[in-house]
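Fold and contact review
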Amino acid sequence: MMGRATAVSCANIAFIKYWGNRDSRLRLPANGSISMNMAGIETTTTVAFDENLERDELAINGETQRGEAFVRVSRHLDHIRALAGLGARANVASQNSFAMGTGLASSASAFAALTVAGCAAAGLSLSEAALSAIARLGSGSACRSVPGGFAEWCAGKDHDTSYAESIAPPDHWGLVDLIAIVSREHKQVGSTAGHAAADTSPLQKSRVVDAPKRIETCRKALLTRDFDAFAAIVEHDALMMHAVMMTSQPPLLYWSPDTLNVMRHVIDWRERQGLPVCYTIDAGPNVHVITTQERQETLTARLEALVGGENVLAARPGGPTRLIDAEIRH
Ligand code: PMV
């Protein structure tokens, strides 16, 4: 069998965070989460199964990979091969629209694109939910990049019930994520190790117990486009996650002084100047500043003055992972 397919997937930013696993092998999360796909911050991946290959091959942005990234991708292909009853190895070529080392998480868009392209190339025709669940095995947050717009990942009970679905399309709410890049260093502790440490924090239990309420509040704020309620829950949830990170053993302190400086300005712009703006932060020092598209220009200028013109990226709500090309020959 020779099958080849290409898929494009957006990264996503979580408004209610996923941190810690109930089952780390299956990446079943400790709690549910909500996110927005980021248009233009994309990974394009081509998977070509070829019976003549002796082993899988991987290139990211044109560079052959042999280390950890290769092992993770090859293992992910094993899941797809097992489902399709396929033995052939594959050549995988992946391209990110954003520079690696911007501190932007590429694993979500990477594993969503790999899953959708890989399954199509293997001749599998699966539901969006099934594709989302498979993407989750590669990187938890990748399951949220499979559906479009605003997505909710229900924690679920097992592999089949732990997947994300869209709760609103991209045009539901004209939000924009302005990413203030305060450091381009590669993070020292990745999220896989971070998830594993979550339970060492005494705060993780209360964060997880309270998650369904935060999900409910965030979903409602999103669906009713209530920015004030949205800002309050998004910042609160990010701080809850960072409180867990900071109190884990060993502690994970992702913020830099510049992170805090952006956070303080955002709070000031909202609380004293009445602008619709809030922040959220992932497992790194960069700050995702969420505002409405009407205020994009004003806030971009303010952020550029703080962190430098070349260090602000903008992403509006993005669509689902899409297959752009597929060819199967038996
Ligand atoms: O999917 P992972 O293992 O890269 O974990 C993502 C973790 C956060 O980005 C910090 C939170 C989230 O929900 O995206």
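Being a predicted model, the structure only gives us computed values, none of them experimental.

About the cut-offs
Residues numbered from 1 in each chain as written. Predicted model: local features only at pLDDT ≥ 70, side-chain atom pairs only at ≥ 80, totals over all residues. Heavy atoms only, no water. Helix = DSSP H or I, 4+ residues; strand = E, 2+ residues; numbered from the N terminus. Buried < 20%, exposed > 50% of the residue type's maximum accessible area, 1.4 Å probe, protein only. Contact = heavy atoms within 4.5 Å. Areas by Shrake-Rupley, 256 points an atom, 1.4 Å probe, with all protein chains shown as cover. Lys, Arg positive; Asp, Glu negative; His and termini not counted. Charge placed at Lys NZ, Arg CZ, Asp CG, Glu CD. Expected span 1.5 Å × (residues − 1). Domains from an automatic or database assignment. Buried area = accessible area lost by both parts, 1.4 Å probe. Salt bridge = Lys/Arg side-chain N within 4 Å of Asp/Glu carboxyl O. Phe/Tyr/Trp six-rings, centres within 6.5 Å; stacked < 30°, edge-to-face > 60°. Pairing = 2+ DSSP bridges. Axes fitted to C-alpha atoms, helices over the stretch in contact; angles between N-to-C directions. Near = heavy atom within 4 Å. Polar contact = N/O pair within 3.5 Å; in protein donor to acceptor, adjacent residues only side chain to side chain.

1. Here's the deal with the overall build of the protein chain
A tally of regular secondary structure across the protein chain gives 9 helices and 14 strands. Out of the 330 residues belonging to the protein chain, those deemed buried represent 52%. Of all intrachain contacts in the protein chain linking residues separated by at least 6 positions in sequence, the fraction that spans at least 24 positions is 75%. When the accessible surface of the protein chain is split by element, carbon and sulfur atoms take 50% of a total near 14,400 Å². Taken together, the 31 basic and 35 acidic charged side chains of the protein chain have centroids lying 4 Å from each other.

2. A look at helix 7 (residues 227-246)
Between the first and last C-alpha of helix 7 there are 28 Å, a value that for 20 residues agrees with the 28 Å anticipated at 1.5 Å per step. Buried residues of helix 7: Phe227, Phe230, Ala231, Ile233, Val234, Glu235, Asp237, Ala238, Met241, His242, Val244 and Met245, and no others.

3. Notes on the domain arrangement of the protein chain
Assigned domains of the protein chain: these are domain 1 (2-171) and domain 2 (175-315). Using C-alpha coordinates to define each centre, domain 1 is positioned 23 Å away from domain 2. Across the domain 1/domain 2 interface, buried area totals approximately 2,800 Å², and carbon plus sulfur atoms make up 67% of it. Summed over the three residues of domain 1 that lose the most area to domain 2, namely Phe15, Lys17 and Trp19, the buried surface amounts to 31% of that side. Summed over the shared surface of domain 1 and domain 2, the number is 2 salt bridges. With its nearest N and O atoms 2.7 Å apart, the salt bridge here joins Glu152 to Arg219.

4. Some words on the packing of aromatic side chains
Applying the stated rule across the entire model yields 5 aromatic pairs. Ring centres of Trp173 and Phe230 lie 5.3 Å apart, and the angle between their planes is 70°; this geometry places the pair in the edge-to-face category. In this pair, Trp173 sits in the loop between strand 9 (164-168) and strand 10 (175-180) while Phe230 sits in helix 7, placing the two residues 57 residues apart along the sequence. Of the two residues, Trp173 and Phe230, neither departs from the other in class, the shared state being buried.

5. A few points about the sheet that holds strand 10
Ordered in space as 11-12-10-13, the 4 strands form an open sheet in which the pairing is antiparallel. Looking at which strands have only one partner, the edges of the open sheet turn out to be strand 11 (277-280) and strand 13 (312-315). Across the sheet, the axes of successive neighbouring strands diverge by a mean angle of 25°, strand direction being ignored. Where strand 11 and strand 12 (residues 287-292) come together, 4 bridges link them in antiparallel fashion. Note that in strand 12 the partner of Thr280 across the bridge is His288.

6. Observations regarding the site of the ligand
Close to the ligand lie 14 residues, the nearest being Tyr18, Ser141, Arg144, Ser191 and His195. Measuring from an oxygen atom of the ligand, one finds a backbone N or O atom of Tyr18 at 2.9 Å. Between an oxygen atom of the ligand and a side-chain N or O atom of Ser141, the distance comes to 2.6 Å. When the ligand sits alone it has 380 Å² of accessible area, and the protein chains cover 95% of it.

7. Some thoughts on the side chain of Thr280
Within the secondary structure layout, Thr280 lies in strand 11. Residue classification places Thr280 among the buried positions, given a relative accessible area of 0%. For Thr280, the side chain forms a polar contact with the side chain of Lys17, separated by 2.9 Å. Once residues lying within four places of it in the same chain are set aside, the contact partners of Thr280 are Ile13, Ala14, Lys17, Val234, Ala238, Asn286, Val287 and His288.

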